[in-house]
Amino acid sequence: MSENSHKSRHVTLAAATAAAAVVVVGGANVHADTVNADSTSTTSAASTSTQKTAVETAQQNVTSASANHASAAAAQSSAQSDYNSAAANQSSASSAVSSANTSAATASSAVTSAQNAVSSAQTNVDAAQAANDKATSAAISSAADVVVTAQTDVEQAADDVNTAQATVADDKTDVTDAQSAVSSAQTNVDQASAAASTADANVAKASSAMNSSAASSAVTSAQTAVANAQDDVKQASAAQASAQAAKDTADTNVTTAQTAVNTASATQSSAATDLTAAKTATSTAQSAVTTAQANVTAAQTALSNANTDSTTTTDSITLSSDYIKAYKAYAAAYNTWYQAAINDAGDASELQNKMDTARINLESIAIKSFSILNSGPRQTFTASESDKNTVVGSYANLTEAEKEELNSYAVELINSARSQLGDNEALTSKGALKYSETVVKGYDDDDWSFAEKMNAGLYAHDTAALDAADASNGTDEDGAELTFVEAGAAMGFTWSKSTTMADLKQAIFNAVGGWLFDDSASSLGHLDNVLGTGDSEANYVGVAIDSLGQVHLNTVNVSDTADFPSFDTTALPATSSSSTDTDTLQAAVTSAKTALSKAQANLTTAKATQTAKQTAYDDATTALTTAKAALTKAQTAQTTAATNVTKANTALATAQSALATANDDLAQAQAVYDASLADPEAKQAALDKAKAAQTTAQTNLANAQAALTTAKSALVTAQNQLTADQAVLDDANATLTAKQQAVTDAEAALKTLEDAPATLAQAKTDLATAQSNLTTATDAYDQAKTAVVSAQAALDDATTNTAQYQAILAQANANLANATATLKAAQANLKAAQKAETVAENVVAEQHRLTSQTTAKTAGYHVAGNQVVDRHGNAVANWTVANGQMVDEYGNVIKVASTTTNSTVTKSTASQQATNQNVANDTVAATIGTKRGKHFAKNVTKLPQTNETQASAGSMLGLAAASLLGMFGMARKRRRN
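Residues numbered from 1 in each chain as written. Predicted model: local features only at pLDDT ≥ 70, side-chain atom pairs only at ≥ 80, totals over all residues. Heavy atoms only, no water.

Participant: Teacher, can you tell me more about the overall build of the protein chain here?
Facilitator: Across its full length, the protein chain holds 20 helices and nine strands. Burial status across the protein chain gives 37% buried among its 977 residues. Accessible surface, the protein chain as shown: approximately 49900 Å² in total, 53% of it carbon and sulfur. (Helix = DSSP H or I, 4+ residues; strand = E, 2+ residues; numbered from the N terminus. Buried < 20%, exposed > 50% of the residue type's maximum accessible area, 1.4 Å probe, protein only. Areas by Shrake-Rupley, 256 points an atom, 1.4 Å probe, with all protein chains shown as cover.)

Participant: Any chance you could explain helix α17 (residues 680–859) here in plain terms?
Facilitator: Owing to its 3.6 residues per turn, the α-helix brings residues three or four apart onto one side. Here α17 contains 180 residues, and its C-alpha end-to-end distance of 225 Å is more than 12% below the 268 Å for a straight helix at 1.5 Å per residue. Roughly 55 degrees is the biggest bend found in α17, and it falls at A756, with proline P757 one to four residues downstream. Note on α17: the residue one or two positions beyond its end, G860, has a positive phi of about 70 degrees. (Expected span 1.5 Å × (residues − 1). Bend = angle between axes of the 7 residues up to and from the residue.)

Participant: Which parts of the structure should I look at to understand the sheet that holds strand β8 (residues 885–887)?
Facilitator: The strands making up a sheet associate through hydrogen bonds between their backbones, and the pairing can be parallel or antiparallel. Within the open sheet, the three strands sit side by side as β7-β8-β9. Their pairing is antiparallel. Bordering the open sheet on either side are β7 (880–882) and β9 (893–894), each of which pairs with just one other strand. With three bridges connecting them, β7 and β8 associate as antiparallel partners. In the strand pairing of β8, A882 is matched with Q885. (Pairing = 2+ DSSP bridges.)

Participant: Where do I start with the packing of aromatic side chains in this structure?
Facilitator: Note on aromatic pairs: each is described by the distance of the centres and the angle between the planes. Applying the stated criterion across every chain, the model contains nine aromatic pairs. Counting every residue linked through ring pairs, the aromatic cluster contains Y327, Y330, Y334, W337 and Y338. One residue, K453, lies across the ring of W448, its end atom 4.3 Å from the ring centre. (Phe/Tyr/Trp six-rings, centres within 6.5 Å; stacked < 30°, edge-to-face > 60°. Lys NZ or Arg CZ within 6 Å of the ring centre and 35° of its normal.)

Participant: Whenever I open this one, the nonpolar core confuses me. Can you help?
Facilitator: General note: in soluble globular proteins, nonpolar side chains tend to be found buried as a group. Counting residues in hydrophobic clusters, the biggest one holds 55 residues, and the most contacted among them are Y323, Y327, Y330, L504, I508, W515 and L516. A total of ten residues in this core trace back to one element, the largest contributor, which is helix α14 (residues 501–517). With residues up to four places along the chain from it excluded, the contact list for Y330 reads M355, A358, R359, L362, S523, L524, L527, D528 and T533. Ranked by size, the runner-up nonpolar core spans 31 residues in total, among them A164, V168, A272 and L275. (Core = buried A, V, L, I, M, F, W, Y, C linked by side-chain atoms within 4.5 Å. Contact = heavy atoms within 4.5 Å.)

Participant: How should the pattern of salt bridges be read in this particular structure?
Facilitator: Side chains carrying opposite charge are able to pair once their charged atoms draw close together. One pass over the structure, following the stated rule, counts 16 salt bridges. In this structure, the salt-bridge partner of K505 is D387, at a minimum N-O distance of 3.0 Å. Of this pair, K505 sits in helix α14 while D387 sits in helix α9 (residues 385–389), and the two are 118 residues apart along the sequence. Here K441 makes a salt bridge to D445, at a shortest N to O gap of 3.0 Å. On the criterion of helical spacing, the pair formed by K441 and D445 is a turn pair, its members being four residues apart in helix α11 (residues 430–446). When sorted by exposure, K441 lands in the same class as D445, which is exposed. (Salt bridge = Lys/Arg side-chain N within 4 Å of Asp/Glu carboxyl O.)

Participant: Would you mind showing me how to read the packing of α11 against helix α13 (residues 463–471) here?
Facilitator: Between two packed helices, what matters for the description is the angle formed by their axes and the separation of those axes. Interaxial distance between α11 and α13 falls to 8 Å at its minimum, and their mutual angle equals 145 degrees. Classified by chirality, the crossing of α13 by α11 is right-handed. Packed against α11, whose contacting residues are Y435, T438, V439, G442, Y443 and D446, the element α13 presents A464, A465, L466, A469 and D470 at the interface. (Axes fitted to C-alpha atoms, helices over the stretch in contact; angles between N-to-C directions. Left-handed = near helix turned anticlockwise from the far one by under 90°.)

Participant: How should I be thinking about α11 in this particular structure?
Facilitator: When the terminal C-alpha atoms of α11 are compared, their 24 Å separation across 17 residues agrees well with the 24 Å that a helix rising 1.5 Å per residue should span. Within α11 the residues assigned to the buried category are G431, A432, L433, Y435, S436, V439, V440, G442 and Y443. Of the residues trailing α11, D447 is marked for its positive phi of about 50 degrees.

Participant: Help me understand the layout of surface pockets, please; the structure alone is not making it clear to me.
Facilitator: Rolling a probe over the atoms, with the probe sized like a water molecule, indicates the empty space that remains. As a volume, the largest pocket reaches approximately 1500 Å³. Along the walls of the largest pocket sit 39 residues, with K325, K328, A329, A332 and N801 positioned nearest its centre. Listing elements by their share of the lining of the largest pocket, those giving two or more residues are α4 (54–134), α7 (321–342), α8 (349–370) and α17. Broken down by class, the residue content of the lining of the largest pocket amounts to 18 nonpolar, 16 polar and five charged. (1 Å grid on protein atoms, 1.4 Å probe; cavity = no way out; pocket = protein on both sides within 12 Å on 5 of 7 lines; lining within 4 Å. Points joined across faces, edges and corners; volume = space filled by probe spheres on them. Nonpolar A, V, L, I, M, F, W, Y, C, P; charged D, E, K, R; others polar.)

Participant: Would you mind going over the pairing of strand β3 (residues 539–545) with me for this structure?
Facilitator: Looking along a regular strand, one sees the side chains alternate between the two faces of the sheet. By the criterion of burial, β3 is predominantly enclosed, with seven of the seven residues buried. When strand β1 (residues 426–427) meets β3, the two strands line up parallel, connected through two bridges. Counted as the bridge partner of L427 is Y540 from β3. Relative to strand β4 (residues 550–557), β3 runs antiparallel, the two being bridged by seven bridges. By the bridge assignment, N539 is partnered in β4 with N557.

Participant: Help me understand a negative patch on the surface in this model?
Facilitator: On the surface, E477, D478, D560 and D563 cluster together to form a negatively charged patch. Mapped onto the elements, D478 comes out in the loop between α13 and β2 (485–490). (Patch = residues over 30% accessible without salt bridge, like charges linked within 9 Å, V, L, I, M, F, W, Y side chains within 5 Å. Lys, Arg positive; Asp, Glu negative; His and termini not counted. Charge placed at Lys NZ, Arg CZ, Asp CG, Glu CD.)

Participant: How should the side chain of H461 be read in this particular structure?
Facilitator: Looking at the element boundaries, H461 is found in the loop between α12 (450–455) and α13. The exposure class assigned to H461 is buried, which follows from its relative accessible area of 12%. Once residues within four sequence positions are removed from consideration, H461 is found in contact with Y443, W448, F450, L466, E486, A487, G488 and H526.

Participant: How do you make sense of unusual backbone geometry when you look at a structure like this?
Facilitator: Working note: non-glycine residues mostly have negative phi, and peptide bonds are mostly trans. The phi dihedral of D447 falls on the positive side, at around 50 degrees, and the residue is not glycine. As for its placement among the helices and strands, D447 is situated in the loop between α11 and α12. A positive phi is found at S523, a non-glycine position, where the angle reads about 55 degrees. Tracing the backbone through its elements, the reader meets S523 in the loop between α14 and α15 (525–531).

Participant: Please clarify how the environment of S320 should be interpreted in this entry.
Facilitator: Turning to its location among the elements, S320 is positioned in the loop between α6 (212–308) and α7. Look at S320 and you get buried, because its relative accessible area is 13%. For the pair S320 and I365, spaced 45 residues apart in sequence, the C-alpha separation works out to 9.2 Å. In terms of polar contacts, S320 uses its side chain to reach the backbone amide nitrogen of Y323, at 3.1 Å. (Polar contact = N/O pair within 3.5 Å; in protein donor to acceptor, adjacent residues only side chain to side chain.)

Participant: What is the right way to look at the confidence of the model for the protein chain in this model?
Facilitator: Low-pLDDT stretches of the model should not have their predicted coordinates read in fine detail. Overall, the prediction assigns the protein chain a mean pLDDT of 80, with 82% of residues at 70 or greater. Mean pLDDT per element in the protein chain: helix α2 (residues 13–25) is the minimum at 29, and strand β6 (residues 867–869) is the maximum at 94. Confidence drops under pLDDT 50 across residues 309–313; counting only partners more than four residues distant or on other chains, this segment forms 22 contacts. Here residues 899–977 is a poorly scored stretch, pLDDT under 50, and it has 143 contacts once near neighbours within four places are set aside; other chains count. (pLDDT = per-residue confidence, 0-100.)

Written as structure tokens, this is what we have:
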């Protein structure tokens, strides 16, 4: 049986049992003639009363339990969602704390680095200042003199080197000559020695000539010696020719090298002149830079001094961490409610309640900050002397630049708050300012006062003026106007002839403060407009002040202006850092910086030129040194070649002399041999002659040896002189190197002095940059620490919220479990009740059949034609004939044994007849299965014809038996409609 079937049936076993009880109580046979109207009426009323059955009650309990279960499930789902959201927020907040701590650590490290940089920069400034203090004109002039002196010293040292190099070259020539003399002397000794030997040999030969055979052998030996000497002459001649060729080449190389030295010397001299001119130009340019830097410093000092008592203030709004947290909670609730509202996401009342709660909390926190708006450390308006001295008189007298400055001032003030809240940036534009000016004109034309309208209980804003301003930008292609949102404030400000820019900025400052901290009367409507609450993009903000001193702020989203080409999106200038009375000083600073830049450019060019000239001079000096070295090398090679020529000449002369000697020896040998053929006297004369030649040769040898000793002594003297002069050259070279280093050091010292002002200025700039970086790093660190505190507070709140939502979820889970258990119990009860109902319905059905059977038998029901009639022939209402058998009003086929119709009626009066005609209308016999789904069991059965009431014990037993059979599933099934 379906649940719907259960819901449509309300007969239960309890009802059936109640019906049976009524029958038992009326156990005695009650006949129609003894039943009075009262008893019949009472019984009928009792039997037709409607009772709430067990199934109805169980079904109602199931319905209630299902509803409770659905509500508990919805509450659990909502609690789960809230818990998940809270847990996610806690996780996000925890990540934010971790990120904030990391950022704070990074910021702290940045502060330390910045502090170190400041310390280093200060050290550099101190050193540069000390150097600059020493860089007087006299010091620079003296340093320049030192450079000149050092350069002169270098030139003198170079001359000394050149002189020493020439002396060494001469010494080398002397040594070479001495070596040649020694070689020549040695050759003479050798020749004299050879001659002496020859003389000795001739004596020996002369002695031997006394013997012709020996003389003949001597001739042969002499001939061999001549041949050998001729070969030696040929070799010596070839060597002499080669040596002479080498000397010729060396001579040419020396000439070439000398020309190169002359050229390099001239180039170096020219480069030195150019370098001197370049250094003079650099010195002049450096002086110009020093002067220009002093001018910049003086101009900046003047501007700084002027700015100390002027400049436009850069006020800002500082929000407490409580304000920021409360606003973010409000903005989140606002956005959630707004999205649900515009997306028609059903009943948003709960979301609106949350938003209202957050709004009220923000209002409470904001108003606490309002009391310190103009006196506490968080919100302070400071008027500049320039603004105090700038008298405007009226809004109409404001210049366009002043109007733009006021607009920019308001936007910068608003952004100082928005930046702390993470809201989109407010932007300035000429179009937004023009719009606000149009609004102001409308208010002025209408003489519209916020205060008067509010006091009169009227809408405070001038919609006509706003509509006119909306129309001023034309329409888009769809014919729509560009619509702004206005926030207005009546600040109690009154224009006068003495009204200044400071007064106007004070009014704007107070207006913004009022909108941010005291807007509960408008349910934070102005705050929403000023901070852009719920806006997904940046917006343009226009600000103007009307003739009543009322501040008007109008905003429009940037994207909304895209379809309005007439809207001017040009940004307004930021509030200027200096006032008009410092323009001249600023111009002077700019001019001085321009002059400084030009002087620095000239100095850079001069230094580049000097560097180039220095490089050219250095290159020329190097080239000269190289050329001189090449010349020295060529000269050395020349000397060597000359020595080789001398040696070759000597060798050739020696060979030739030896050849001559050999020829002489041959002639003498021949003569001896010839003499040996002569008489003894001739032989003796030849011997005497040989001995005389021997004496001469020995004398010549002694003289040659003495000359060799003298030549060697001269060579030693020349070599000693070369050594001494080489030492002088080495000293000269060392001195030249030292002098050149002195020039480099002097030039560096001069450059340090010349660059001292620029170096000091750069050091100060670096220090200022380092200090600015330290300030920035410190501010960032402070913000990072604040962010850590805020993030930790948010985490604490998120942790608390998570715990609360977790408790709510736990309760919701418990409630859901209870609701589930209750629903299961109710469903079990319903099932049991429905089962009992089925049994009861079977009992009732069997009761109907037995009652109809008994009634038919008692009243003599039988088929007559196509209808059922009683023994009197009266038609039985609601009974039909089917296949020749009787069918009662419940659809039961009733069979009775045939009986003889008794036409006699105990009481057959006219009134009784009339009553019998209506018996069908008075008889209700436990109607079952109606369309309404209701089941009624009549306790008393009225007989259709005789009005006799039958409730025999047998009927009761049958009913009970049927009830038992039905409980065990043996009764027939109910008819279902």
